[in-house]
Amino acid sequence: MTLQQALAFGLVGATIVGFVWGRWRYDAIALVALAVGVAIGVVPAESAFDGFKNDITVIIACALIVSAAFAKSGVAEAVLRPIIPHLKGPGSQIPFFAAAVALLSMVTKNVGALAILMPIALQVARRTGTPASRLLMPMSFAALLGGTVTLVGTSPNIIVSQVRQEVLGHPFAMYDYAPVGLGVTAAGLVFLALAYRLLPASRPVAETMDSALAAKPYVIQAVAPDDWDPARTTIGKLRRIASGDIEVTGLIRKGRRKASPHANLRVLPGDILLLEGEHDVLDDLIGRMKFRLARPEPAADAPPERAERRIVEAVVGSESSLVGQSARSAELKSLHGLDLLAVSRSGWRLASALATLRLRSGDMLVLEGPETVVPGALKALGLLPLAERQVRLGGIRRALWPALILAAAMVLVAFQVAPVAIAFFGAALAMVLVDAIKMREAYAALDGPLLVLIAALIPVSDAIRATGGADLIAGGLAEAFRGRPPILALAGVMALAMAATPFLNNAATVLIVAPVGASLARLLGLAPDPFLMAVALGAACDFLTPVGHQCNTLVMAPGGYRFADYPRLGAPLTLMVLIVGTGLIALVWPLAR
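Thresholds applied
Residues numbered from 1 in each chain as written. Predicted model: local features only at pLDDT ≥ 70, side-chain atom pairs only at ≥ 80, totals over all residues. Heavy atoms only, no water. Helix = DSSP H or I, 4+ residues; strand = E, 2+ residues; numbered from the N terminus. Rg over C-alpha atoms; globule rule 2.2 N^0.38 Å. Buried < 20%, exposed > 50% of the residue type's maximum accessible area, 1.4 Å probe, protein only. Contact = heavy atoms within 4.5 Å. Areas by Shrake-Rupley, 256 points an atom, 1.4 Å probe, with all protein chains shown as cover. Lys, Arg positive; Asp, Glu negative; His and termini not counted. Charge placed at Lys NZ, Arg CZ, Asp CG, Glu CD. Phe/Tyr/Trp six-rings, centres within 6.5 Å; stacked < 30°, edge-to-face > 60°. Expected span 1.5 Å × (residues − 1). Arc of directions from axis to C-beta.

### Remarks on the overall build of the protein chain
- Regarding its fold elements, the protein chain presents 25 helices and nine strands.
- In terms of C-alpha radius of gyration, the protein chain reaches 27 Å, essentially the compact-globule figure of 25 Å for 593 residues.
- Principal axes of the C-alpha set define a box for the protein chain whose edges measure 90 × 50 × 45 Å.
- Classification of the 593 residues of the protein chain by burial places 52% in the buried group.
- For the protein chain, contacts bridging at least 24 residues in sequence account for 81% of all contacts bridging at least 6.
- Only carbon and sulfur atoms are counted for the fraction: they give 63% of the accessible area of the protein chain, which is about 25100 Å².
- Charged side chains in the protein chain number 51 positive and 41 negative. The centres of these two groups are separated by 7 Å.

In structure tokens form, the structure reads like this:
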């Protein structure tokens, strides 16, 4: 072993120890490793920032934006809505939601797919009494499995494709992963549909900030459009459409207000409905019924707004100038540029028009205004902003455009019309241009720590290859597997990736293990493709811990899971993927050169 190899191994080993210790952030550890690598000479200074311009980083960033825009469109909810009422218990809910999140993970980033469907699953579980602890972990594992089917479903596939580019001169295509990924996903879904009983039947769930804020429902004013058909719906039908999650607290017709309107009262064009419920349920109902939020008209001489609009939640403080005033009397729109969209008052059911409602200290408000105006207006009015969370109320949902743009990107990549990075960069840009997602929301969708982790580790992990360290490790493995059936070496590489990914993060695992797998194949005289596929599949399937993948972390608090709950379901699933995956890879990708 040369000095440079020893330094490269020491750097990567110290980085792994930092990841496993868990005392510092992953991205901070990766940045320190990059700086140390440059200082000791194993990372050339001119290559130190290559990771930030690498296609891997670009593809993952663009895929996150595209996934966020697709989630905002409401397409998934609209497709699932007719089926949800038929899901009465865990025996039907778990297979359905696991299959749904797996399918969605095939076309969007797996963590994005889970984030889209998890709120719907929790609503269904709450209505039917299904423990969230039985439902959420199978969905997380199904998202990981579904992500293995396409190039953009999970980060390991993207990174392995780039490694293949370096080894063989051309990357894996969009659907090269599909034959193996589909088989493993199908087997995994069958397993999850039967084995969910290994999970605890109930666990106390930690309250999140969103759930704490959702405990106080908002009241909004929704206006029936002018082309509304009076025979279309009644007050009672509105409640049923929202599955009883909203209340119609009042109706304003031609300036006259009716409190608690009768269930048989028909909604007429121009009626203003006072609706009470959680913001996401209200937003869904507005989108489905084509209502619009009642907003004050801007003054005739007001200049057109150019800044992006932002929705915020705030509490009326005891010293606020709004105490005792209404939005109209305080001239909230004309003086401060803010629209009052919703109000929540603890212990009260509001039935007054929002424009004339006299506000009190402690009222929670949802306000909308130009992004450049909102901070100063909150300060001037003495309003206390709540914890930052995404609030949707009455925004325009462009359901068709995100689906078309995503489909176009997938087709362009599938037929090799454009490289993956260009196709998904174009898709992310198109999402912004058609207003499917705002620029501020696009920036928020980027997982900064993940992108920095990958960009910093690319040159650090490449030091193992550049110094010949990957060949050194592969030589040791080759001696261990020489003379044995090649499929055992393939299984060994996949098992190595599976063992490392819970502690290293799947992206880091691929960056370190993939070059080793390619070198092992060369030394054994075998084709590299099966070994790269094994690394991708093994690194993508972290079912043993809550920290190895964002999907597992995402469900931990809502499901009330403990660390030991993951291997209860994940260990047998890991063994199944190892057996089925190894066999499928050997069948689809011949081991012989």
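The discussion continues.
### Quick word on the packing of aromatic side chains
- Taken as a whole and judged by the stated rule, the model has seven aromatic pairs.
- Ring pairing ties together the aromatic residues Phe 172, Tyr 177 and Trp 589, which thus form one cluster.

### What about helix α2 (residues 26-40)?
- For α2, with 15 residues, the first-to-last C-alpha span of 21 Å sits near the 21 Å given by 1.5 Å per residue.
- Three or more residues of α2 are buried, namely Asp 27, Ile 29, Ala 30, Ala 33, Leu 34 and Gly 37. Seen from one end, α2 has its buried residues packed into an arc of 155°, which puts them on one side. Opposite the packed face of α2, turned more than 90 degrees from it, sit the exposed residues Val 32 and Ala 39.
- Directly after α2, the chain includes Gly 41, whose backbone phi takes a positive value near 90°.

### With respect to unusual backbone geometry
- Phi at Lys 290 takes a positive value of approximately 60°, unusual for a residue other than glycine.
- Relative to the helices and strands, Lys 290 is located in the loop between α13 (279-289) and β5 (292-293).
- Within the chain, Asp 435 stands out as a residue other than glycine whose phi angle is a positive 65°.
- Tracing the chain through its elements places Asp 435 in the loop between α17 (420-433) and α18 (439-445).
- On the basis of relative accessible area, Asp 435 is assigned to the partly exposed category, the value being 25%.

### Digging into the environment of Ile 59
- Tracing the backbone shows Ile 59 in helix α4 (residues 55-73).
- Given a relative accessible area of 7%, Ile 59 falls into the buried group.
- Along the backbone, Ile 59 and Asp 565 are 506 residues apart, and their C-alpha atoms lie at a distance of 33 Å.
- With near-sequence residues (within four places) excluded, Ile 59 lies in contact with Val 152, Ile 158, Val 420 and Ala 421.

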